[in-house]
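# Structural overview for review
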Amino acid sequence: SQTIHQWPATLVQPVGSPLSLECTVEGTSNPNLYWYRQAAGRGLQLLFYSVGIGQISSEVPQNLSASRPQDRQFILSSKKLLLSDSGFYLCAWSVLPLSGGPQQYFGPGTRLTVT
Amino acid sequence: GNSVTQMEGPVTLSEEAFLTINCTYTATGYPSLFWYVQYPGEGLQLLLKATKADDKGSNKGFEATYRKETTSFHLEKGSVQVSDSAVYFCALSDRSTGNQFYFGTGTSLTVIP
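Treat the numbers as computed from the prediction; the structure is a model and nothing was measured. (Residues numbered from 1 in each chain as written. Chains lettered and ligands numbered in written order. Predicted model: local features only at pLDDT ≥ 70, side-chain atom pairs only at ≥ 80, totals over all residues. Heavy atoms only, no water.)

Generally, phi is negative for residues other than glycine and the peptide bonds are trans, each holding for most cases. With omega at 0°, the peptide bond leading from A:Trp7 into A:Pro8 counts as cis. With respect to the helices and strands, the residue A:Pro8 is situated in the loop between β1 (3-7) and β2 (10-13). Cis geometry is adopted by the peptide bond preceding B:Pro10, which originates at B:Gly9 and carries an omega value of -10°. With respect to the helices and strands, B:Pro10 occurs in the loop between β1 (3-6) and β2 (11-14). Even without glycine at this site, A:Asn30 takes up a positive phi of about 50°. By the element assignment, A:Asn30 lies in the loop between β3 (19-26) and β4 (32-38). One non-glycine residue, B:Lys60, adopts positive backbone phi at about 55°. Note on B:Lys60: relative accessible area 51%, which makes it exposed. (Helix = DSSP H or I, 4+ residues; strand = E, 2+ residues; numbered from the N terminus. Buried < 20%, exposed > 50% of the residue type's maximum accessible area, 1.4 Å probe, protein only.)

This is the structure:
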């Protein structure tokens, strides 16, 4: 079965420090991968998605970046964190099955607090 | 373009009350529709889905019917429990836009005993 891992689960970082969040998927090949951010009390904001190794699409301008060095690894980074980067970061993956339509699966999330 | 609009929350209900959370969508093609649930401090879990018009998705007592004529996918449950307290997200995915997922803003539900 497929599983998705995210770490760390929680993180407290000072303003101006770097960031690296990691997401890995098991049990599937060539998935589409996504990073979302959920600010407190708000909906999901799609940050990046990737359809393959080295292929990254950015949905919103920001001081964050993403990389996909391996098929099932997706990394979210920042060189200098801002207070506004605080939030709940969710990694997700999707594949298009032979039947039943697409489906997206989410990781457990990382709670980032920038102080 | 594609978008999803959900009723604003928060919603507070007593245990065993009837639940409806409204969701309407706009899509350029023929989307699949989803409801996801997020329990406190966790990621999103798929609750139910429907892939074509008139399909009914159901799970854990929740139901939603894909209504193409009204572009709606309202979530219902006949008798809510305290354990149903969570945030509920309506979403769509459309082949015409590369199967990208579009989420509503989420509706927070609190069920009180």
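Turning to the pattern of salt bridges, a few remarks are in order. Residues and elements named next belong to chain B. All chains considered together, the criterion is met by 5 salt bridges over all chains. Notably, a salt bridge pairs Lys 56 with Glu 63, separated by 3.6 Å at the nearest N-O pair. Here Lys 77 ties to Asp 84 by a salt bridge, and the two come within 2.7 Å at their closest N and O atoms. Across the pair, exposure class does not vary: Lys 77 and Asp 84 are buried alike. (Salt bridge = Lys/Arg side-chain N within 4 Å of Asp/Glu carboxyl O.)

As a further point, take the sheet that holds strand β3 (residues 19-21) of chain B. Residue and element names in this part refer to chain B. Across the sheet, 4 strands lie side by side as β3-β9-β8-β7; this open sheet has antiparallel pairing. The open sheet is flanked by β3 and β7 (56-59), the only strands paired with a single partner. Going across the sheet, the axis of each strand differs from the next one's by a mean of 15°, ignoring polarity. Taken together, the 4 bridges between β7 and strand β8 (residues 62-65) define a ladder with antiparallel strand orientation. By the bridge assignment, Asn 59 is partnered in β8 with Phe 62. (Pairing = 2+ DSSP bridges. Axes fitted to C-alpha atoms, helices over the stretch in contact; angles between N-to-C directions.)

Scope: geometric values only; no functional claims are made or implied.
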